[in-house]
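Here's the letter readout for the chains.
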Amino acid sequence: MSSLSRELVFLILQFLEEEKFKETVHKLEQESGFFFNMKYFEEEVHNGNWDEVERYLSGFTKVDDNRYSMKIFFEIRKQKYLEALDKHDRSKAVDILVKDLKVFASFNEELFKEITQLLTLENFRENEQLSKYGDTKSARAIMLVELKKLIEANPLFRDKLQFPSLKNSRLRTLINQSLNWQHQLCKNPRPNPDIKTLFVDHLCGQPNGARAPSPANNPLLGSLPKAGVFPPLGAHGPFQPTQTPVPTPLAGWMSNPPTVTHPAVSGGAIGLGGPSITAALKHPRTPPTNASLDYPSGDSDHVTKRTRAMGITDEVNLPVNVMPVSFPGHAGHSQAFGAPDDLPKTVGRTLNQGSSAMSMDFHPIQQTLLLVGTNVGDIGLWEVGSRERLVLRNFKVWDLGACSMPLQAALVKDPGVSVNRVIWSPDGSLFGVAYSRHIVQICSYHGGDDVRQHLEIDAHIGGVNDLAFSHPNKQLCVITCGDDKTIKVWDATNGTRQYTFEGHEAPVYSVCPHYKENIQFIFSTALDGKIKAWLYDNLGSRVDYDAPGRWCTTMAYSADGTRLFSCGTSKDGESHIVEWNESEGAVKRTYQGFRKRSLGVVQFDTTKNRFLAAGDDFSIKFWDMDNVQLLTNIDADGGLPASPRIRFNKDGALLAVSANDNGIKILVNSDGLRLLRTYENLSYDASRAPENAKPGLHPISAAVAAASSAGLADRVAASVVAISGANGDARNLGDVKPRITEESNDKSKIWKLTEIGEPSQCRSLKLPENLRVTKISRLIYTNSGNAILALASNAIHLLWKWQRSDRNSSGKATANVSPQLWQPSSGILMTNDATDINPEEAVPCFALSKNDSYVMSASGGKISLFNMMTFKTMTTFMPPPPAATFLAFHPQDNNIIAIGMDDSTIQIYNVRVDEVKSKLKGHSKRITGLAFSHVLNVLVSSGADAQLCVWSSDGWEKQKARYLQVPAGRTPTSQSDTRVQFHQDQIHFLVVHETQLAIYETTKLDSVKQWVPRESAAPISHATFSCDSQLVYASFLDATLCVFTAAHLRLRCRINPLAYLSPNVSNTNVHPLVIAAHPQEPNQFALGLSDGGVHVFEPLESEGKWGVPPPAENGSGSSVPTTPSVGASGSDQAQR
């Protein structure tokens, strides 16, 4: 076959992958033998599809081609044989022995006899060589490591493991170029030709005098997808691929890297024992498949007609023969920082800890909560938004009698202790402190200032230099390292030591746990500059490497876990930040810009998979991960030490920096400034408590504290972002001055409910109407915040988009500027399937993908998947009965959707493989609400039966169920909906029912707050949290709107119908059916009305917020107590 024909095969492969002809792609790969798709091969091996594994291999090699091929086939067949034995399927094992393994007898008769003898053993692990055989999953993973090395070493696979580097949709591009050229040759070219076939050459029709456009601006060519603007479909979309190829950890990190092309590959005799786990850490990286194969493009008409399962990803890559639609907010969703201006560089807060900060860490969920450890052993916990220090604890040994004699002697001789490291556990329920003397202390955190002793471990002889949390085998562990040259792993629940790793020849300075491809491991660095890596076993270090600087080095991965960095300072003061090539164990790039002689050990941090920061030369230095040159450096208004300690919060909006004179500076970007202002406002709400009030937990925090009193056993772990400072509780804040000039903590000032009764008292905007729509059933803002999507009762979707303009520079949704009721140029509408169904009687539902590219929707018929840019129906599935009544994407795997049904079941559906994974039964009426918590790994459901259920999202078993307590005197309608929505803390959730609003704590399913309208008031039609969970917006069937402070469910503002409806409309029983909150602006919300109208609301710019929060004490006429018992309820009778 000619080279051009070979290249055409690659173009066809790319096209087939883009169009999702999955089976055909791999059939062509196998039949042509041009490209061995290692990713596909890995998936089939992991799944144990042995017939397909061998069939695919057969396109590239046969058993007896060479010794590598022989060993490849032997390992596969041996694994198949052992699995049959492990299942005690003797007949199948004999069949494999005779048909598959006997071929190897002529090469090694003794081995074949030994394999045959395994049939006589009750458990083949009795064979010494197989004694370490684990379970099937791990055995396949270990075998796969060996197979990949054999394939990469096999000369028959040479040049077949790397897909050519092609631009996306290369075949489409070539066709477009051909069409352009044909159009150029037309005698009478039309300006906008309509190409309907590729079967014959293009030819324009009757002359019209138009000139042929040049190829540069020819509309046929369209705009090709640009990198970073419309990333290819397949990389980031609502349905992620089940496995994303990632670089294999520690690959090639060996103490004496060999110089041969294929290290660690044995071409020797085949053997009975499996590959060692060591191989799993040392195998060379799988050559990356071409990006365009992994990330298919396109939204073709052909795809919409296919009924096969689809996996669709976040961002959209338009076909090249269509002009891309401008959709603000789609560009650059993969990066939170668009430019260096978005780095936190402005000093937003200055705190004084009282002693010098040595280590800092932000809470993983409550991102304004900062943990600090100091040079005198103090621990501080700050709410940086309100500048309040919640906790200050001096060093104290909790149980001196339990300490070792060397520690007791050392403390008597010199009681001075410093903190070397503080760190939160992944869910924020615990934090660990490593001290300079032997000790590690683990505390549990229950919100507010509630910090409790959990574990004290006499961990190392000498100093404990570093501390980290990890989850090997789904069990939370604490990892420590110390001056005694060891690394130790402890059970975080009971403090039992699980592993001790010995092998370093100098004090161990840092640890960095991580996992890839289901392999858990720990990097460690020592003061002699050695880097080692350990698995959770007792088999010793897997690698031995030298770090730049060969002294104090720390290591860290990027947030997405794909890039590894280290920062180190030598004894001479030379500092280095480098990125490592994991596949080779070598430095990939070295970042420039350090002072020639650093005046201390440089600390560093990473953020948002894009930036590095380090404290050096009395300043903070920033780098782009992809550029070795210094990006920028700042001095934070001066006053920094030579090598300041630094720490980003999770979102990268805040950066804590240690300063001189025991100070800590909090640097912010624009998002961080808004975050701090939010909490500053809340600190004022909290400070309204009586000055002599005793410190106490917010009732929500108290409930979680009670729920998690068993410590780690409960997963609640009270990451409790219902932290009192965040929710404005009644804790004494007498030492914190309110910073809101227009308000005062004057007790003589009487709080009054804010009433809005006229259009001039707020900003409201009615969006352009669509005459075909009579009732808005569902409403949501896009995640980018620049559009609103509605689903009407007649199954039609409406999309309003705001554009950037002089009056709206951000392009975000606003009540100041009217948006466009948007449609693609094709003029089509997104209309749900409604065959044989009256959509007015159906229960509509929809869910939006994370990046706004796709909407999944149903109106009583099949579930439809729409492309939000073209409005085309990508696919339909799950025809009724039963009909879908609620949809929710799984937060970790967007291929998984929870679908509530009108037959009261919940179906857990995998879109990618078109399969219902589980069916949950527990309700007695249709499902009306679903919400996932990624912190607790649960799904909460609600139904028309007024029942709440909590399901584990790991095994889908039901954990708890509870019926709503309907207030006395209120009789809900038979079709009354119950909605649920998680608080930002992912531990509490809002329950909305026509008779009440309530806040529930998930693990105990207890109501911790409830608000009930008075008996004569109209029922609640809908309610939602604001984007920051500080407010609750509620609508009522009499067209009244109410704004509540979420922490207390206290009414703070009421909007009467005449403020947004004209008198002739307000008298016609028009009322809101659904309410939606803006995803970034806490004070903006939108309403969908029963007449098809949609309104956007914001407070007056002069006010900036909806009313004034009611005081924490019971001075508002409300009957809700300040700190009610769990499940207490109250009704704001005076207000509603």
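The model shown is predicted, which means the values in this text are computed figures rather than measured ones.

(A) Spotlight on a nonpolar patch on the surface. On the surface, I175, L198, F199 and V200 cluster together into a nonpolar patch covering about 460 Å² of accessible area. Its location among the elements puts I175 in helix α9 (residues 170-184).

(B) Looking closely at the pairing of strand β51 (residues 1020-1025). Judged by how many residues are buried, β51 sits mostly within the fold: five of six residues are covered. Note that β51 and strand β52 (residues 1031-1036) share five bridges and pair antiparallel. Bridge pairing links H1022 to S1035 in β52. The antiparallel hairpin formed by β51 and β52 contains five residues in its connecting segment, where S1029 sits at a positive phi of about 60°.

(C) Fine view of the sheet that holds strand β30 (residues 763-766). An order of β30-β57-β56-β55 is seen for the four strands of this open sheet, with the pairing classed as antiparallel. Each edge of the open sheet carries a strand with a single partner, namely β30 and β55 (1072-1077). Here the strands of the sheet are splayed against their neighbours by 20° on average, with no regard to which way each runs. Judged from the four bridges that link them, strand β56 (residues 1085-1089) and strand β57 (residues 1094-1098) form a sheet pairing that is antiparallel. Following the sheet pairing, G1088 is matched in β57 by V1094.

(D) Representation of helix α6 (residues 90-101) within the structure. Among the residues making up α6, those that are buried are A93, I96, L97, D100 and L101. Down the axis of α6, the smallest arc covering the buried residues is 115°, so these residues share one side. Away from its buried face by more than 90 degrees, α6 exposes S91 and K99. Buried residues along α6 sit in contact with α5 (67-86) and α7 (109-117).

(E) Representation of the nonpolar core within the structure. Ranked by internal contacts, the top residues of the largest apolar core, which has 44 residues, are F36, F41, L57, Y81 and L101. Counting residues per element, this core draws most heavily on α5, at ten residues. Listed in part, the 22 residues of the second largest apolar core include L411, V417, W424 and I439.

(F) How the structure looks around the sheet that holds strand β12 (residues 486-491). Here we have four strands laid out as an open sheet, ordered β10-β11-β12-β13, and antiparallel in their pairing. In this open sheet, the two edge strands, each paired with only one partner strand, are β10 (464-470) and β13 (497-502). Across the sheet, the mean angle separating the axes of adjacent strands is 15° when strand polarity is ignored. Where β12 meets β13, five bridges bridge the pair, whose relative direction is antiparallel. Bridge pairing in β13 places T486 opposite E502.

(G) Here's a closer look at the packing of aromatic side chains. According to the stated counting rule, one finds 33 aromatic pairs in the structure shown. Where F36 meets F41, the ring centres are 5.2 Å apart and the plane angle is 50°; that geometry is what we call tilted. Assessed through its relative accessible area of 1%, F41 is described here as buried. Residues Y1060 and F1097 carry aromatic rings whose centres are separated by 5.1 Å and whose planes lie at 85° to one another, so their mutual orientation is edge-to-face. One end of the pair, Y1060, is in the loop between β54 (1050-1055) and α17 (1063-1066); the other, F1097, is in strand β57, with 37 residues separating them in the sequence.

(H) A look at unusual backbone geometry. Residue P880 is joined to P881 through a cis peptide bond whose omega torsion reads -10°. With respect to the secondary-structure elements, P881 resides in the loop between β38 (873-877) and β39 (884-889). Between P881 and P882 the backbone carries a cis peptide bond, its omega angle lying at -10°. Checked against the element boundaries, P882 lands in the loop between β38 and β39. Even without a glycine there, the phi angle at A795 is positive, about 80°.

(I) A look at the side chain of D537. In this structure, D537 sits in the loop between β16 (530-535) and β17 (543-546). Here the side chain of D537 touches L539 through a polar contact of 3.1 Å, landing on its backbone nitrogen. Beyond its immediate chain neighbours, meaning those up to four positions away, D537 contacts Y499, F501 and R542.

(J) The arrangement of the packing of helix α2 (residues 22-32) against helix α4 (residues 50-58) in detail. For the pair α2 and α4, the least separation of the axes is 7 Å and the interaxial angle reads 45°. One element, α2, and the other, α4, form an angle in the oblique class. Mapping the contact onto sequence places H26, K27, E29 and Q30 in α2 and R55, Y56 and S58 in α4. Across the contact of α2 with α4, the residue classes tally to one nonpolar, three polar and three charged.

(K) Structural detail: the packing of α5 against helix α8 (residues 136-153). Interaxial distance between α5 and α8 falls to 9 Å at its minimum, and their mutual angle equals 170°. One way to sum up the angle between α5 and α8 is to call them roughly antiparallel. Facing Y68, K71, I72, E75, I76, Q79, E83 and D86 of α5, the residues of α8 in contact are T136, A139, R140, M143, E146, L147, L150, I151 and A153. For the contact of α5 with α8, a count of residues per class yields nine nonpolar, two polar and six charged.

Scoring rules and cut-offs
- Residues numbered from 1 in each chain as written.
- Predicted model: local features only at pLDDT ≥ 70, side-chain atom pairs only at ≥ 80, totals over all residues.
- Heavy atoms only, no water.
- Patch = residues over 30% accessible without salt bridge, like charges linked within 9 Å, V, L, I, M, F, W, Y side chains within 5 Å.
- Areas by Shrake-Rupley, 256 points an atom, 1.4 Å probe, with all protein chains shown as cover.
- Salt bridge = Lys/Arg side-chain N within 4 Å of Asp/Glu carboxyl O.
- Helix = DSSP H or I, 4+ residues; strand = E, 2+ residues; numbered from the N terminus.
- Buried < 20%, exposed > 50% of the residue type's maximum accessible area, 1.4 Å probe, protein only.
- Pairing = 2+ DSSP bridges.
- Axes fitted to C-alpha atoms, helices over the stretch in contact; angles between N-to-C directions.
- Arc of directions from axis to C-beta.
- Contact = heavy atoms within 4.5 Å.
- Core = buried A, V, L, I, M, F, W, Y, C linked by side-chain atoms within 4.5 Å.
- Phe/Tyr/Trp six-rings, centres within 6.5 Å; stacked < 30°, edge-to-face > 60°.
- Polar contact = N/O pair within 3.5 Å; in protein donor to acceptor, adjacent residues only side chain to side chain.
- Parallel < 35°, antiparallel > 145°, perpendicular 65-115°, else oblique.
- Nonpolar A, V, L, I, M, F, W, Y, C, P; charged D, E, K, R; others polar.

The values reported here are purely geometric and, on their own, carry no functional implication.
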